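# Commentary on secondary and tertiary structure
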Amino acid sequence: MNFSLKNKIKNRTINTLVLVLFMVGVSSCTKKLDTDGKKASYAIGQQIGKNLKQQFPDFDADALAAAIKDAQKDKNQMTDKDMQDAMMKMQMAAMEKQKVDAEKNSKAAQEFLEKNKTVEGVKVTPSGLQYIIEKPGTGKSPKADDAVKCDYKGTLVDGTVFDSSYERGEPVDFPLKGVIPGWTEGLQLLKAGGKMKLFVPPELGYGNQGRPKIPPGSVLIFEIELIEILKK
């Protein structure tokens, strides 16, 4: 194992342990959520559970709850070394699964993009970004160092929605340099008031890392409306 990989595992392990520490005192809630404290605790537990599920899909919730109860009583069934070794093994297994999933999804992504570029209206840039201008808009196009306001919906190739400002009921402001490369490039092809559809290859999106609701190596499809270019 190289030094950078060790550090990556160590850092992610520490982050996960920090999350677990937050769970101390938060039990599997079968009680009524009849106080603000209980509701807040349950909300924290939900967020932590989702984060753990993302990093360690096979984590054992019962063993986790038992460890939290033991920690409250200053008990521990494992040595520090045993715990570290166990965390590293689980981390390695998660990274290996991510690698396998990324390879599988990347192959599917290439097949999708090869077929999609033959669809009527789809254009392809030198970087491999594919797009359709549904409404060009008017005025100027944004530049890479501009900020913009947009409404958008992001889906996977199977139609699964992973993010949507429309569902939240509020457009988003952001600098073009602060988003994925596919967005930075694609929005410069549009003018204010315009609409487009982007087909973002993995290398112009989140690559082999993935994100919550986005498997590694995924093509990302966005429907975007450029509302306005913001003043600097």
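All values derive from a computational prediction rather than experimental measurement.

### Notes on the overall build of the protein
Secondary structure summary: the protein contains six helices and seven strands in total. In sequence order, the protein lays out its α and β elements as α-α-α-α-β-β-β-β-α-β-α-β-β. Burial status across the protein gives 30% buried among its 232 residues. Partitioning the intrachain contacts of the protein with sequence separation of at least 6 by distance along the chain shows that 69% fall at a separation of at least 24. For the protein, the exposed surface amounts to about 14900 Å²; the carbon and sulfur share of it is 54%.

### Section: the environment of Val179
Mapped onto the elements of the fold, Val179 is located in the loop between β5 (172-175) and α6 (181-186). For Val179, a relative accessible area of 25% corresponds to the partly exposed category. The spatial distance from the C-alpha of Val179 to the C-alpha of Gly205 is 9.0 Å, given a sequence separation of 26 residues.

### As for unusual backbone geometry
The backbone of Asp74 shows a phi angle near 60°, a positive value even though the residue is not glycine. Examined against the element boundaries, Asp74 turns out to sit in the loop between α3 (61-72) and α4 (80-116).

### Things to note about the nonpolar core
Counting 22 residues, the largest nonpolar core has Trp183, Leu187, Leu198, Val200, Leu220, Phe222 and Ile224 as the members making the most contacts within it. Contacts of Trp183, omitting those with residues within four sequence positions, involve Tyr152, Phe174, Leu176, Leu198, Phe222 and Ile224.

### Observations concerning α3
With twelve residues, α3 should reach 16 Å at 1.5 Å per residue; the first-to-last C-alpha distance of 17 Å fits that figure. Listed in full, the buried residues belonging to α3 are Leu64, Ile68 and Asp70. Relative to the axis of α3, the buried residues are bounded by an arc of 160° and lie together on one face. Positive phi appears at Asp74, one or two residues downstream of α3, with a value of about 60°.

### Digging into the packing of aromatic side chains
Inspection of the entire model under this criterion finds five aromatic pairs. When the centroid spacing of 6.5 Å and the interplanar angle of 45° are considered together, the rings of Phe112 and Phe199 count as tilted. Note that Phe112 is positioned in helix α4 and Phe199 in strand β6 (residues 195-200), a separation of 87 residues in sequence. Put simply, the rings of Tyr152, Phe162, Phe174, Trp183 and Phe222 pair up and form one aromatic cluster.

### Things to note about the pattern of salt bridges
Scanning the entire structure with this criterion turns up five salt bridges. Among the salt bridges present, the one from Lys38 reaches Asp34, with a minimum N-O distance of 3.1 Å. Here Asp163 and Arg168 are joined by a salt bridge, their closest N and O atoms 2.5 Å apart. Accessibility expressed as a relative area gives 25% for Asp163, which makes it partly exposed. A relative accessible area of 47% means that Arg168 is categorised as partly exposed.

### Re α4
Along its 37 residues, α4 runs 52 Å from first to last C-alpha, staying within 8% of the 54 Å computed at 1.5 Å per residue. Buried residues of α4: Met87, Gln91, Ala94, Met95, Ala102, Ser106, Ala109, Leu113 and Asn116, and no others.

### Some points on the side chain of Gln130
Relative to the assigned elements, Gln130 resides in strand β2 (residues 130-135). By relative accessible area, Gln130 is classed as buried at 3%. Of note is the side chain of Gln130, whose polar atom sits 2.7 Å from the side chain of Asn116. Setting aside chain neighbours within four positions, we find Gln130 in contact with Leu113, Asn116, Lys117, Val122, Lys123, Val124, Lys197, Leu198 and Phe199.

### Notes on the pairing of strand β7 (residues 220-230)
Side-chain direction in a regular strand flips from residue to residue, so the side chains alternate between the two faces of the sheet. Two strands pair when backbone bridges link them, and strand β3 (residues 147-155) and β7 are joined in this way by nine bridges, in the antiparallel orientation. Bridge pairing links Thr155 to Ile221 in β7. Relative to β7, β6 is paired through six bridges, and the arrangement is antiparallel. Bridged to Lys197 within β7 is Glu223.

### Describing the confidence of the model for the protein
In this model, the protein carries an average pLDDT of 83, and 85% of its residues clear a pLDDT of 70 or more. Under a pLDDT of 50 for its full length, residues 1-11 has, in the predicted model, twelve contacts with residues more than four places off or in other chains. The low-confidence segment residues 16-29 (pLDDT under 50) makes 18 contacts with residues lying over four places distant or belonging to another chain.

Criteria and thresholds
- Residues numbered from 1 in each chain as written.
- Predicted model: local features only at pLDDT ≥ 70, side-chain atom pairs only at ≥ 80, totals over all residues.
- Heavy atoms only, no water.
- Helix = DSSP H or I, 4+ residues; strand = E, 2+ residues; numbered from the N terminus.
- Buried < 20%, exposed > 50% of the residue type's maximum accessible area, 1.4 Å probe, protein only.
- Contact = heavy atoms within 4.5 Å.
- Areas by Shrake-Rupley, 256 points an atom, 1.4 Å probe, with all protein chains shown as cover.
- Core = buried A, V, L, I, M, F, W, Y, C linked by side-chain atoms within 4.5 Å.
- Expected span 1.5 Å × (residues − 1).
- Arc of directions from axis to C-beta.
- Phe/Tyr/Trp six-rings, centres within 6.5 Å; stacked < 30°, edge-to-face > 60°.
- Salt bridge = Lys/Arg side-chain N within 4 Å of Asp/Glu carboxyl O.
- Polar contact = N/O pair within 3.5 Å; in protein donor to acceptor, adjacent residues only side chain to side chain.
- Pairing = 2+ DSSP bridges.
- pLDDT = per-residue confidence, 0-100.

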